[in-house]
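Secondary and tertiary structure notes
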Amino acid sequence: ELPDPVLPQLPALLGPDVPAAGVLVVGNKVDLLPADCRGHLGRLRQRVAAACARAGLRGPALVDIRLVSAKTGYGIEGLVSRLQRSWKCAGDVYLLGATNYGKSTLFNTLLRSDYCKSRAPDIIDRATVSPWPGTTLNLLKFPIINPTCDRIFRRQERLKEEATKTEDQLSSEEKKNLNQLKKQGYLVGEVGRTFQRQKSSAEIDFDPDVLSYSMDEDPRHPPKKQEEREEFTHNEVKDARWCFDTPGIVKEDCVLNLLTEKEVKLFLPSHAIVPRTFILKPGMVLFLAALGRIDYFEGEKPAWFSVLASNLLPVHVTTLNNAEAVHEKHTAQEFLKVPMGGEERMKEFPPLVPQDITLKGIGTTEAVADIKLSSAGWVAVTAHAEEELLLRAYTPKGTALVVREPPLLPYISTIRGARIPGTPAYRTKKPPSFVENLRTTGSR
C-alpha cells in the first residue's frame, strides 16, 4: 500500500513524544511480492523510507524500517532482535496500522516468539485475524520479555545453530509446514523460541470410589471440572512492559469498504501473487474483475501491462469497441467475479469513473509506472523508450486511483512465460521461494 495512507497520520496519533519514543516501521506481506530482479527487497525498503520521509518520519523519530511476513515468518527473528535492541524493557510497544495490514497476525507471531515472556502464550488470548475494521475491539496485550545479556546470548546461539540446518535435517512436521508456507509465499522464515516454559510432570487424578464398582453396576462419571484459566502472578507483571494490538485504522477511498465478505475472500491475496502480463495495442482495454479498467487510447507501438493482484481476480482483455458491452453484460456475474450478486448488487455499487494518464516509456524491460487501482492491486506499464502512451484508467467512484512513479517492481514484465498463441497474454511463471536462515540448495 504505497503511498501509504496511515504514515502521514502517525505524528498526530502519537503526539509530541514521537522523537523520544520512536517509530519502527514494518512493511508486512513481502511474501506476496515476486522478486523482479536481484536486490528487490533493498529497493522496496527504499520506497518505504521515501514514504516515511514524505510523511515527516525521519531522524531520531524513525528507529528503523523492516520488511517482514507475519504469516510466513520471514524477517520476524530480525524484527524481534531489533525491537529488543531499541526498547529493551524501557517502555510499552503499540502496533498501529490500517485494517488488513496484518497487524493482528504480527501480534500473534510475536506472541509465539522470544519477544514475549515464555509463559504468556498459554495465558494470552490471540488476536482475531479479519479484514474487517472493529474486530480488535480491546487492547490485547502480552508482556515483553526482559532481554538480559544472558538471554540475548542464548538467543543468538540458537539462531546461529538453526542457520546451519538444511531442509533434510528438519522433522517431518517441520518439512510439511515449510512446504506449505513455500506454496503460499515467496519469502519464508522460521520463528522459534529460545526460552521454553518448563511444564510440570502430569499428575493422574482419580477417584477410587469411581473405579470400584460391581459387574452389574454402571460406572459413575463425576461431572467434569471446569478448567481454571491460568493467570499471571503479581510478581510476573508488576514491572512488565507490554506489546499492544490496537484496532485497525479504516482507510478512506479504499475499495475494500465497498465489498461483501464473499467478495473480500477473492479480492485479498492470500497466496504469493503470480504476475500476469499482457501485450496491448492501442484501442485495447484491460479489466481487473469489475473493480478496475485501463484503456490504451493512443500510442505508436504495443505496450506491456503486468497485473499484480489476487490470483483469484480475473483479468479480461477486449477492444474499446466491445468494452462497454462486456462491462454491462458481465459485471456482477461469474465472468468478472467481483462484485457479485447480479443487478441487485449493482444498484448499490458505485460506477467506475475515469482518469486520464499520460506516460512516456523508458525501455522494453523496465516499467515506467504503476497504475494502482485502489487496494485491488496495480498494473505496471512497460513501453518502448520515449514512446508516449495515452491511457484512461477507471476505479469505483469514491476510491483512490494512483499513478506510482517510480514503480514498485519495475522489471516485473520480464517474469513471464512464452506468449500464448492468438492472444495478448503470456503464460504465467511463479518465481521460486526463498527460505530465510536455512541452508537449502534452492536458496538465492
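Residues numbered from 1 in each chain as written. Predicted model: local features only at pLDDT ≥ 70, side-chain atom pairs only at ≥ 80, totals over all residues. Heavy atoms only, no water.

**Focus: the nonpolar core**
- Formed by 41 residues in total, the largest nonpolar core has its most connected members in Phe267, Leu286, Leu291, Phe305, Ile371 and Leu391.
- Among all residues touching leucine 291, those that are not within four sequence positions of it are Val255, Leu259, Phe267, Val338, Pro339, Phe349, Leu352, Ala376, Tyr394, Thr395 and Pro396.
- Grouped together as the second largest cluster of nonpolar side chains are 37 residues, Val25, Leu57, Leu308 and Ala380 included. (Core = buried A, V, L, I, M, F, W, Y, C linked by side-chain atoms within 4.5 Å. Buried < 20%, exposed > 50% of the residue type's maximum accessible area, 1.4 Å probe, protein only. Contact = heavy atoms within 4.5 Å.)

**Description of the pairing of strand β15 (residues 388-396)**
- Bridge analysis of strand β9 (residues 292-298) against β15 gives five bridges, and the strand direction is antiparallel. Bridge pairing in β15 links arginine 293 to tyrosine 394.
- Here strand β12 (residues 352-360) pairs with β15 via nine bridges, running antiparallel. Residue pairing for β15: valine 353 is matched across the bridge by threonine 395. (Pairing = 2+ DSSP bridges. Helix = DSSP H or I, 4+ residues; strand = E, 2+ residues; numbered from the N terminus.)

**Focus: the sheet that holds strand β16 (residues 401-404)**
- Strand order in the open sheet formed by five strands is β7-β10-β14-β13-β16, with antiparallel pairing between adjacent strands. The open sheet has two free edges, formed respectively by β7 (276-280) and β16, since each of these has just one partner strand. The average angle at which neighbouring strand axes cross in this sheet is 20 degrees, direction not considered.
- Bridge count for strand β13 (residues 367-373) against strand β14 (residues 377-382) is five bridges, and the pairing is antiparallel. By the bridge assignment, lysine 372 is partnered in β14 with tryptophan 378. (Axes fitted to C-alpha atoms, helices over the stretch in contact; angles between N-to-C directions.)

**Details of the environment of glutamate 1**
- With respect to the element layout, glutamate 1 can be found in the segment before α1 (10-14).
- Residues contacting glutamate 1, with those up to four places away along its chain left out, are Tyr101, Lys251, Lys372 and Ser375.

**So, a nonpolar patch on the surface**
- A surface patch of nonpolar side chains, about 450 Å² in accessible area, is lined by Leu13, Leu14, Tyr94, Leu96 and Leu139.
- With respect to the element layout, leucine 139 can be found in the loop between α5 (103-111) and β4 (140-143).
- Judged by relative accessible area, which is 48%, leucine 139 ranks as partly exposed. (Patch = residues over 30% accessible without salt bridge, like charges linked within 9 Å, V, L, I, M, F, W, Y side chains within 5 Å. Areas by Shrake-Rupley, 256 points an atom, 1.4 Å probe, with all protein chains shown as cover. Salt bridge = Lys/Arg side-chain N within 4 Å of Asp/Glu carboxyl O.)

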